[in-house]
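Commentary on secondary and tertiary structure
In case you want the letters, here they are:
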Amino acid sequence: MSAAENLLTTPLNALHIELGARMVPYAGYSMPVQYPAGLVAEHHHTRTAAGLFDVSHMGQLRLVGPDAAAAFESLMPVDVIGLGLHKQRYGLLLNDEGGIIDDLMFVNRGDDLFVIVNGACKHGDLAHIQARIGSRCTIDPQFDRALLALQGPHAVTALARLLPGVEKLVFMTGMAAIWQGADLYVTRSGYTGEDGFEISLPASVAEAFARVLLAQPEVKPIGLGARNSLRLEAGLCLYGNDIDTTTTPVEAQLNWAMQKVRRTGGARVGGFPGADKVLAQLDGTQPAQRLRVGLVALERVPVREHVELQNEAGQKIGEVTSGLLAPTADKPVALAYVQAEYARVGTRLNAMVRGKAVPMEVSTLPFVPNRYHRG
């Protein structure tokens, strides 16, 4: 049996093929990388109208029980206990060295915590969570549910026709909904830097729901290629490229994801894996030696992942983790890790592309302004 035959498919597989998608292996699934219009057209459509992404490969699970919030908080340097009803937050599962096992999203739905993890990590995450807190709460994996992301400035117009009420949501909030008798949960979130929504729904209705969305005049199908270019322009990390078990939240410049209540001096400081190292990096008593930065090339040469970065003296000082010619920014951009002394905005570096030094400059993030709907 070939590797391709071992790939899993999402509930939208037949629809992707019908729409002419080019399918590629991703996180153990056969996924659409692009449709006939192509990556650049899909990217621009999402920025100007609304793009529909199949992200059903990602893992969904519920944590249930009176101790669920405190238990989950013991795994991450984020405030879980204080999260309000139907509010969503970005979280980071850490190992005992402070490295990032996965980044995730979670919502307080009142009767449970609803968690969405990365597709390639979901089975490992489930095992980790079960081993660490399985005795404190019920962990209910829902890996059979589908997940769709509708992103772009006209996403709210299209989705509100199907699910009235979603227009009242603001960024990082959610609501339950019913569609043709099926239970859905919708959050106003996504990973493109645009306004948009993520919709969790039963696999049995996923294709029908997607077809109705695609029938809306604003909506077109978008593949993994444009999802990657959109998230990179938004300065967002891709797990496995820009963050992994060898990077801490501070090295990744994700300090904003760690609320004051969990930091030194906070009411619930520490108590998470790797806390001593992460807190020392946060408060500066043991500063991180490398940092994630945004880079813009000063020549029109795309700079891809694994490209070495050098200082003016020709010494290696870092490496690119994601990079491409950004369609909206219209210039080559990248994320990279560099020695901390080279992380200041405006610092000049050289990327070694096929033996040629391409000058780059440390940039602010995001590369394209975010347009989340905050009310």
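Above this text sits the structure in question.
A brief look at the structure comes next. The model shown is predicted, which means the values in this text are computed figures rather than measured ones. (Residues numbered from 1 in each chain as written. Predicted model: local features only at pLDDT ≥ 70, side-chain atom pairs only at ≥ 80, totals over all residues. Heavy atoms only, no water.)

Some points on the packing of aromatic side chains
Using the following cut-off: The criterion for an aromatic pair is that two Phe, Tyr or Trp rings (for Trp, the six-membered ring) have centres within 6.5 Å, with stacked assigned to planes under 30 degrees apart, edge-to-face to planes over 60 apart and tilted to the rest. Helix and strand definitions here come from DSSP, where helices need a minimum of 4 consecutive H or I residues and strands a minimum of 2 consecutive E residues; each element is numbered from the N-terminal end. Exposure is judged per residue with a 1.4 Å probe applied to protein chains only, and the accessible area is read against the type maximum: over 50% gives exposed, under 20% gives buried, and values in between give partly exposed.
Scanning the entire structure with this criterion turns up 5 aromatic pairs. Between the aromatic rings of F171 and Y372, the centroid separation amounts to 4.1 Å while the plane-to-plane angle is 10 degrees, which identifies the pairing as stacked. One end of the pair, F171, is in the loop between α5 (155-162) and β10 (174-179); the other, Y372, is in the segment after β19 (356-363), and 201 residues separate them in sequence. Accessibility assignment for this pair places F171 and Y372 in one class, buried.

A look at the packing of α5 against helix α6 (residues 203-214)
Test applied: The axes used here are C-alpha line fits, helices contributing only the stretch in contact, and every angle between their N-to-C directions lies in the interval 0 to 180 degrees. An angle counts as roughly parallel when it lies under 35 degrees, as roughly antiparallel when it exceeds 145, as roughly perpendicular when it falls between 65 and 115, and as oblique in every other case. Crossing handedness is read from the near helix: turned anticlockwise from the far helix by less than a right angle, it gives a left-handed crossing, and turned clockwise, a right-handed one. The criterion used for residue contact is that any of the two residues' heavy atoms lie within 4.5 Å. Under this grouping Gly is polar, as are all residues other than the nonpolar Ala, Val, Leu, Ile, Met, Phe, Trp, Tyr, Cys and Pro and the charged Asp, Glu, Lys and Arg.
With their axes 10 Å apart at the nearest point, α5 and α6 run at an angle of 125 degrees to one another. One finds that α5 runs oblique with respect to α6. Crossing of α5 against α6: the hand is right-handed. Contacts between α5 and α6 involve A158, L159 and L162 from the first element and F209, V212 and L213 from the second. Residues of the contact of α5 with α6, tallied by class, amount to 6 nonpolar, no polar and no charged.

Section: the sheet that holds strand β6 (residues 100-108)
Which entries qualify depends on this criterion: A pair of strands counts as paired when DSSP detects no fewer than two bridges linking them.
Spatial strand order, β5-β6-β7-β4-β8: 5 strands in an open sheet with antiparallel pairing. Single-partner strands in this sheet number two, and they are β5 (88-94) and β8 (138-141). Within this sheet the neighbouring strands show an average axis-to-axis angle of 30 degrees, counted without direction. Bridge analysis of strand β4 (residues 59-64) against strand β7 (residues 113-117) gives 5 bridges, and the strand direction is antiparallel. Along β7, the bridge assignment pairs R62 with F114. Helix α4 (residues 122-133) rests against β4, β5, β6, β7 and β8 of the sheet, and its axis sits at about 170 degrees to β8.

Observations concerning the pattern of salt bridges
For clarity, the threshold we go by: Whenever Lys or Arg places a side-chain nitrogen within 4 Å of a carboxyl oxygen from Asp or Glu, that contact is recorded as a salt bridge.
Evaluation of the coordinates by the stated rule reveals 22 salt bridges. Among the ionic pairs, D112 bridges to R62, the shortest N-O distance being 2.6 Å. Highlighted residues: D112 in the loop between β6 and β7 and R62 in strand β4, separated in sequence by 50 residues. The exposure classification of D112 matches that of R62, with both residues buried. Here R161 and E218 are joined by a salt bridge, their closest N and O atoms 2.7 Å apart. Of this pair, R161 sits in helix α5 while E218 sits in the loop between α6 and β13 (219-221), and the two are 57 residues apart along the sequence.

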